[in-house]
Amino acid sequence: MNKFIATILAAAAVIIPATAKKAESTLQELKVQDVSIVKQQGQLHVSCTLDFSDVEIGSNQQVIYTPLLRGNGEQITMAPVVLNGRNAQMKWDREPKRRVPGAQVVSRKKGETQMMEVSYDFPYEAWMDYCQVAVSEDLCGCGVLQDQACRDYGDPFDNTPAEAVIMTYIQPAVEGTKSRSEEGSAFVDYMVNKTNILPDYRNNRAEIKKITATIDLVKNDPLVSITEINIHGFASPEGSYSNNARLAEGRAASLKDYVKSLYTLKDNLFTSTSTPEDWTGLRRLVEASTLADKEAILGVIDSNLEPDAKDADLRKRFPQSYQIMLRDMYPALRHSDYKVKYVVRPLTIEETIEVMKVKPKNVSLQEMFLVAQTYEPGSADFNEAMRIAVETYPDDPTANLNAAAAAIAQGDLDAAERYLVKAGDTPEAQQARGVIAMNKGDFDAAERYLNAAKAAGVADAEHNLSVLARTRQLAGQNK
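To start, this report covers the structure provided alongside it. (Residues numbered from 1 in each chain as written. Predicted model: local features only at pLDDT ≥ 70, side-chain atom pairs only at ≥ 80, totals over all residues. Heavy atoms only, no water.)

**A word on the packing of aromatic side chains**
The final tally for this structure, using the stated rule, is 4 aromatic pairs. Centroid distance Tyr120 to Phe122: 6.4 Å. Interplanar angle 10°. Geometry classified as stacked. Note on accessibility: Tyr120 and Phe122 belong to one class, buried. Taking the centre distance of 5.9 Å and the plane angle of 75° together, the rings of Tyr322 and Tyr330 count as edge-to-face. Residue Tyr322 shares its accessibility class with Tyr330, and that shared class is buried. A cation over a ring is seen here: Lys310 above Trp279, with NZ or CZ 5.3 Å from the ring centre. (Phe/Tyr/Trp six-rings, centres within 6.5 Å; stacked < 30°, edge-to-face > 60°. Buried < 20%, exposed > 50% of the residue type's maximum accessible area, 1.4 Å probe, protein only. Lys NZ or Arg CZ within 6 Å of the ring centre and 35° of its normal.)

Right, here's the structure in full:
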């Protein structure tokens, strides 16, 4: 199959006696078959078969067919094909000046089947997104195509992009009471075997400041109300369990009473609880250590032995490691955890926008969603609201679904897939997975997901299935 580049038609004489009547168009008889237009590696490949079998021309007649590719007000010409009658062909052969540059020539033989396959390659241009093969017929040899008969053949090549998918976002449920907390640990020191607090002992002032600073942070926020301030005391495992229980409980109560004395808040807001020995904390420290007997020590910690028996077993079996634990780990187990619980009142849109910037945990997921709805989907502000929502509520299925939908709209399929791991199997999540599969070229999987979403009542799934059909079609004609 020959390939030809586009050429500018040269004028060609039509060999018709002066007394002959004007030739009639032959385009009705010309058949153009197997029209193919395919985009491949930045090129548009056009091919077709010209069938002259039903074309009747006189012996002296010459017809110049010029295949065209046209669309969107643009066109490009292909190499011409000259069909000569018997006498016209002889003149063509004898007189080179009569020939059309770059043309293929066919000598028409009446009653015979005559066909020619033609193929062309063009650098792809934007206007070719919608184009069609046409053939212009020059009966006069003047070469001015716009003055000649022209006819379209084959189906148009439609490479206009598919419509954009529609991503479905879910409005989160209203959070009835926005209960929140601020918490931390303070390492307040006490005299040996004592429970009364000495504010100026060792570093106690600084440790107590941790607690009061947290209380102040919450107390001074006009949008919140404190519901509880809890002090939870822990003791380390050395010594008897019963004495450690007494110390942990007494020290927590003492610290609670001291902190309460610094405020004019209601007494019933302050509570204290305790854990006699912090074995959970010890296990965490041992797990992170490089102790030679680490695995065996963890085995004792995890055993069903009573607390006093565990400590005795550690001290007896691992004397060197026990001294390290006693020196480096046990002091950290004597701590007071504090938690300031509070509720946040419902926020206006304006308040939500401001609080999201500085303390997003005080904003409900539903309030964040309402803020996002004030922005254009896909805008920087919209995407930022979705990002803050999923970072604030990283395990919430709705937050992850909405973040996945926003990521898909931005073309970040990797991020979308990560979010969808936590988005559950809702119909909307199935739709999001279908859109990702479509973008990755897995059309069969995309169809399964989108059909499942449609069957479950997702309104946008019908549209996205039509986008899938168009995307599949485009993939077939773009190699």
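So that's the structure; there's more coming.
**What about the pattern of salt bridges?**
Enumeration according to the criterion identifies 30 salt bridges in this entry. Note that Glu95 is salt-bridged to Arg98, the shortest N-O span being 2.5 Å. Among the residues examined, Glu95 registers a relative accessible area of 23% and is labelled partly exposed. Three or more residues are tied together by salt bridges with common partners; here these are Glu182, Lys359 and Lys361. (Salt bridge = Lys/Arg side-chain N within 4 Å of Asp/Glu carboxyl O.)

**Section: the nonpolar core**
Counting residues in each nonpolar core, the largest one holds 43 residues, and the members touching the most others are Ile211, Ile215 and Leu255. Residue assignment for this core shows that the elements contributing at least two residues are helix H2 (204-219), strand E11 (224-234), helix H3 (241-261), strand E13 (336-344), helix H9 (349-358), helix H10 (365-372), helix H11 (380-392) and helix H12 (397-409). For this core, the element with the highest residue contribution is H11, accounting for 6 residues. Beyond its immediate sequence surroundings of up to four residues, Ile211 is in contact with Ala186, Ile231, Leu255, Val259 and Tyr338. Membership of the second largest hydrophobic core comes to 32 residues, among which are Phe52, Ala79, Leu83 and Tyr153. (Core = buried A, V, L, I, M, F, W, Y, C linked by side-chain atoms within 4.5 Å. Helix = DSSP H or I, 4+ residues; strand = E, 2+ residues; numbered from the N terminus. Contact = heavy atoms within 4.5 Å.)

**Observations concerning the sheet that holds strand E7 (residues 115-123)**
Ordered by their spatial adjacency, 3 strands build an open sheet running E1-E2-E7, and the pairing between neighbours is antiparallel. Taken across any chain shown, the strands that pair with only one partner, and hence form the sheet edges, are strand E1 (31-40) and E7. Averaged over neighbouring strand pairs, the angle between their axes works out to 10° when direction is ignored. Where strand E2 (residues 43-51) lies against E7, 9 bridges are found, and the strand directions are antiparallel. (Pairing = 2+ DSSP bridges. Axes fitted to C-alpha atoms, helices over the stretch in contact; angles between N-to-C directions.)

**Describing the side chain of Lys359**
The topology assignment puts Lys359 in the loop between H9 and H10. A relative accessible area of 17% means that Lys359 is categorised as buried.

**Overview of helix H14 (residues 427-439)**
When the terminal C-alpha atoms of H14 are compared, their 19 Å separation across 13 residues agrees well with the 18 Å that a helix rising 1.5 Å per residue should span. The buried count for H14 comes to 11 of 13 residues, which makes it a mostly enclosed element. Within the span of H14, buried status applies to Glu428, Ala429, Gln430, Gln431, Ala432, Arg433, Gly434, Val435, Ile436, Ala437 and Met438. Where the residues of H14 are buried, they touch H12, helix H13 (413-420), helix H15 (443-455) and helix H16 (461-477). Looking one or two residues past H14, Gly441 carries a phi angle of roughly 85°, positive in sign. (Expected span 1.5 Å × (residues − 1).)

**Looking at the sheet that holds E13**
Within the open sheet, the 4 strands sit side by side as E10-E13-E11-E12. Their pairing is mixed. With partners counted over all chains shown, the strands left at the sheet margins are strand E10 (178-186) and strand E12 (270-275), one partner each. The mean angle between the axes of side-by-side strands here comes to 20°, regardless of whether they run parallel or antiparallel. Both E11 and E12 contribute to a ladder of 6 bridges, which runs parallel. Bridge pairing links Gly233 to Ser274 in E12. This element, H2, spans E10, E11 and E13 of the sheet and lies at about 5° to E13.

**Comments concerning helix H1 (residues 86-94)**
Along H1, the residues that are buried comprise Ala88, Gln89 and Trp92. The buried side chains of H1 occupy one side of the element, clustering within an arc of 100° when seen end-on. Relative to its buried face, H1 has exposed residues pointing more than 90 degrees away, namely Arg86 and Arg94. Those residues of H1 hidden inside the fold are in contact with strand E3 (62-71), strand E5 (81-84) and strand E6 (104-107). (Arc of directions from axis to C-beta.)

**Let's talk about the side chain of Gln89**
Checked against the element boundaries, Gln89 lands in helix H1. Sequence-distant contacts of Gln89, that is, excluding residues within four places in its chain, are made with Asn84, Val105, Val106 and Ser107.

By themselves, these figures tell us nothing about what the structure is for.
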